[in-house]
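Take a look at the letters that make up each chain.
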Amino acid sequence: MSGYINTLLFGIYPYIALVVLILGTAIRYDREQYGWRSGSSQLLRRRQLIWGSVLFHVGVLVIFFGHLVGLLTPIAIFDALGISHGAKQLLAIVAGGVAGVMAIIGATLLVHRRLFDARVRANSSTTDTLIIILLWIQLALGLMTIPISMQHLDGEEMVKFMSWAQGIFTFNFEASSYVAEVSFIFKAHLFLGLTILLLFPFTRLVHMLSVPLGFFWRPGYQVVRERNQRAQPTRLPAAE
């Protein structure tokens, strides 16, 4: 990959994706709050939905926070804690691998349900189908990076991605150079991840920002229904 294309994809495109993510999400929340939902189809093929949804969401949450902490925590902090690059790499492979398998099994169930159940398909929008397929491909790419990572157990490959991610957030315009020589599978994984961030405001993924945390500390309510007294029959005056 030429230096220009590498800079465009991993030095400029990340900022485009992040700007669209932030502004698009804010504008959608301001203008389309009634569309800020997951669009549940739980009444259709419920058992497959439950298994697929639980596996997918648990796996994706572990992967998301693993990437967030792993990529954005300064390298100096890991060094201060005595966590070597190799140990961090191995932890990422094991934990990410288990979570990735869970998530892709769940995503496979959800994709199958959405594509091959006529009722679910009729109640799905094009963006619903597109985003779950993109997420499936992203999970597959992530799992495909594991054999490559196993060849770099010294952790140096991981340091490249940490330096790239932290360089983007610190406006280091040389950040793209850190991933210039990594495997094409890693680059495809990074590019698709950025694309999902760019599409985020325009899909049902926005519902992940609406976690009802206030539910846990809201004051209790008790609904009291007052029993209506039976109406007494009205007597008409006797005729004279």
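Conventions adopted
- Residues numbered from 1 in each chain as written.
- Predicted model: local features only at pLDDT ≥ 70, side-chain atom pairs only at ≥ 80, totals over all residues.
- Heavy atoms only, no water.
- Helix = DSSP H or I, 4+ residues; strand = E, 2+ residues; numbered from the N terminus.
- Buried < 20%, exposed > 50% of the residue type's maximum accessible area, 1.4 Å probe, protein only.
- Contact = heavy atoms within 4.5 Å.
- Areas by Shrake-Rupley, 256 points an atom, 1.4 Å probe, with all protein chains shown as cover.
- Salt bridge = Lys/Arg side-chain N within 4 Å of Asp/Glu carboxyl O.
- UniProt positions renumbered as here; feature names shortened; annotations may be inferred.
- Axes fitted to C-alpha atoms, helices over the stretch in contact; angles between N-to-C directions.
- Parallel < 35°, antiparallel > 145°, perpendicular 65-115°, else oblique.
- Left-handed = near helix turned anticlockwise from the far one by under 90°.
- Nonpolar A, V, L, I, M, F, W, Y, C, P; charged D, E, K, R; others polar.
- Phe/Tyr/Trp six-rings, centres within 6.5 Å; stacked < 30°, edge-to-face > 60°.
- Core = buried A, V, L, I, M, F, W, Y, C linked by side-chain atoms within 4.5 Å.
- Expected span 1.5 Å × (residues − 1).
- Bend = angle between axes of the 7 residues up to and from the residue.

(A) Just the overall build of the chain, in detail. Helix and strand counts for the chain come out as 8 helices and 0 strands. Mapped from its N terminus to its C terminus, the chain presents α and β elements in the order α-α-α-α-α-α-α-α. Put simply, the chain has 240 residues, and 38% of those count as buried. Counting only contacts in the chain whose residues sit at least 6 apart along the sequence, the fraction spanning at least 24 positions is 81%. Carbon together with sulfur atoms contributes 67% to the accessible area of the chain, which is approximately 16200 Å² in total.

(B) How the structure looks around the pattern of salt bridges. Across all of its chains, the model carries 2 salt bridges by this definition. Between Asp-128 and Arg-204 there is a salt bridge whose closest N-O contact spans 3.1 Å. Placement of the pair is Asp-128 in helix α6 (residues 126-149) and Arg-204 in the segment after α8 (184-199), with a sequence separation of 76 residues. Taking relative accessible area as the criterion, Asp-128 reaches 11% and is therefore assigned buried.

(C) Here's a closer look at the UniProt feature "transmembrane region" (unreviewed entry) in the chain. Mapped onto the present numbering, the UniProt feature "transmembrane region" (unreviewed entry) falls at residues 12-29, 49-78, 90-110, 130-150 and 178-200. Taken end to end, residues 49-78 comprises 93% helix and 0% strand; its first and last C-alpha atoms sit 39 Å apart. Annotated as 100% helix and 0% strand, the span residues 90-110 places its first and last C-alpha atoms 30 Å apart.

(D) Just the packing of helix α1 (residues 3-31) against helix α7 (residues 156-169), in detail. In the contact formed by α1 and α7, the axes pass within 10 Å of each other and the chain directions differ by 55°. The angle between α1 and α7 places the two elements in the oblique class. As for how α1 packs across α7, the hand of that crossing is right-handed. For the pair α1 and α7, contact is made by Phe-10, Gly-11, Pro-14, Tyr-15 and Leu-18 and by Trp-164, Gly-167, Ile-168 and Phe-169, respectively. Here the contact of α1 with α7 is built from residues that sort into 7 nonpolar, 2 polar and no charged.

(E) Quick look at the environment of Gly-3. In this fold, Gly-3 is placed in helix α1. Considered as a pair, Gly-3 and Ala-180 are 177 residues apart in the sequence and their alpha carbons are 7.6 Å apart.

(F) Spotlight on the packing of aromatic side chains. Scanning the model with the defined rule gives 4 aromatic pairs in all. Relative to Phe-171, the ring of Tyr-15 lies with its centre 5.8 Å away and its plane at 10°, an arrangement referred to as stacked. Placement of the pair is Tyr-15 in helix α1 and Phe-171 in the loop between α7 and α8, with a sequence separation of 156 residues. Judged by relative accessible area, Phe-171 falls into the exposed class, the value being 56%. Centroid distance Phe-161 to Phe-186: 4.8 Å. Interplanar angle 45°. Geometry classified as tilted. Of this pair, Phe-161 sits in helix α7 while Phe-186 sits in helix α8; the two residues are 25 residues apart in sequence, bridging distant segments of the chain.

(G) Focus on the nonpolar core. Counting 45 residues, the largest nonpolar core has Phe-56, Leu-139, Phe-161, Trp-164 and Val-179 as its most contacted members. Taken together, the elements giving at least two residues each to this core come down to α1, α2 (46-72), α4 (85-116), α6, α7 and α8. Aside from chain neighbours lying at most four places away, what touches Phe-161 is Leu-71, Val-179, Val-182, Phe-186 and Leu-190.

(H) Representation of α1 in the model. For α1, which comprises 29 residues, the first-to-last C-alpha distance of 40 Å matches the rise-based estimate of 42 Å (1.5 Å per residue) to within 8%. By the largest-angle criterion, Tyr-13 marks the main kink of α1, which is about 40°, and a proline, Pro-14, follows within four residues. For α1, the full list of buried residues reads Asn-6, Phe-10, Gly-11, Tyr-13, Pro-14, Tyr-15, Ala-17, Leu-18, Leu-21, Gly-24, Thr-25 and Arg-28. Where α1 is buried, its residues meet α7 and α8.

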